[in-house]
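These are the residues of each chain, in order.
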Amino acid sequence: MSTPKIKTTVEQMIEPYLAEHGFELVDVEYVKEGSSYFLRVYVDKEGGIDIDDCGQISEYMSQKLDENDPIDEAYFLEVSSPGAERPLKKAEDVLKAVGKDVFVTTYEPIGGSKEFEGKLLSFDDEELVIAFGKKQAAVPYDKVASARLAIIF
């Protein structure tokens, strides 16, 4: 099974359980590092998740993965928090990040830059407005390559 299909299959398998228990699926990765494969599931909830939450989700996932067996290779399952610099994968993630510090990269230069780090002032499903220093940048959402929360010192 291809990596995108594995990701979609795992998302469909886990999302109902996560929603029922108050968790949010942030991301699923299936990657090869060295000679080993890793299935990484990043989960969050209001107030953050702890090791017990990760253990509970991991047990459920292990059982479901054993039942459905969507991955041919041997792999390691990792369930964790997305961390302080959590990725903003969906439009609703970006909307929740308004007022917070973000780091955004674009597919092509906007105003001469492909990287923007600063406070996300607004988002309307079509454009992010980011303030950095005394400047602001309007970044079209369809030009965003990646976005994440940022810790700015």
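Residues numbered from 1 in each chain as written. Predicted model: local features only at pLDDT ≥ 70, side-chain atom pairs only at ≥ 80, totals over all residues. Heavy atoms only, no water.

Colleague: Whenever I open this one, the packing of aromatic side chains confuses me. Can you help?
Modeller: Aromatic ring pairs are reported here in terms of the distance separating the ring centres and the angle at which the planes meet. What the rule picks out here adds up to six aromatic pairs. Summarising the aromatic geometry, the rings of phenylalanine 123 and tyrosine 141 are spaced 5.0 Å apart at their centres and angled 65 degrees between planes, so their arrangement reads as edge-to-face. Of this pair, phenylalanine 123 sits in strand β5 (residues 113-123) while tyrosine 141 is found in the loop between β7 (135-140) and β8 (144-149), placing the two residues 18 residues apart along the sequence. Residue classification places phenylalanine 123 among the buried positions, given a relative accessible area of 8%. A relative accessible area of 24% places tyrosine 141 in the partly exposed class. Ring pairing ties together the aromatic residues Tyr30, Tyr37 and Tyr75, which thus form one cluster. (Phe/Tyr/Trp six-rings, centres within 6.5 Å; stacked < 30°, edge-to-face > 60°. Helix = DSSP H or I, 4+ residues; strand = E, 2+ residues; numbered from the N terminus. Buried < 20%, exposed > 50% of the residue type's maximum accessible area, 1.4 Å probe, protein only.)

Colleague: When you look at the pairing of β5 in this model, what are you seeing that I'm missing?
Modeller: One face of the sheet, then the other: side chains in a regular strand alternate in exactly this way. Pairing geometry for strand β4 (residues 101-110) and β5, over six bridges, is antiparallel. Residue pairing for β5: isoleucine 110 is matched across the bridge by serine 113. (Pairing = 2+ DSSP bridges.)

Colleague: Help me understand the side chain of glutamate 24 in this model?
Modeller: Structurally, glutamate 24 can be placed in strand β1 (residues 24-33). In this structure the side chain of glutamate 24 is engaged in a polar contact, spanning 2.8 Å, whose partner is the side chain of arginine 86. Setting aside anything within four residues of it in sequence, one finds glutamate 24 in contact with Tyr42, Val43, Asp44, Arg86, Asp93 and Lys96. (Polar contact = N/O pair within 3.5 Å; in protein donor to acceptor, adjacent residues only side chain to side chain. Contact = heavy atoms within 4.5 Å.)

Colleague: Looking at this structure, I do not really get the sheet that holds β1. What am I missing?
Modeller: Pairing between sheet strands relies on hydrogen bonds along the backbone, with the strands arranged either parallel or antiparallel. Read across the sheet, three strands follow the order β1-β2-β3 without closing on themselves; strand pairing throughout is mixed. Of all strands in the sheet, those with a lone pairing partner are β1 and β3 (75-80), marking the two edges. On average, each strand axis in the sheet is inclined to that of its neighbour by 15 degrees, with strand direction left out of account. Both strand β2 (residues 36-44) and β3 contribute to a ladder of six bridges, which runs parallel. In the strand pairing of β3, arginine 40 is matched with glutamate 78. In the packing of helix α1 (residues 3-20) onto the sheet, the strands contacted are β1 and β2, and the crossing angle to β1 comes to about 145 degrees. Packing of helix α2 (residues 51-68) onto the sheet brings it into contact with β2 and β3, and relative to β3 it is tilted by some 145 degrees. (Axes fitted to C-alpha atoms, helices over the stretch in contact; angles between N-to-C directions.)

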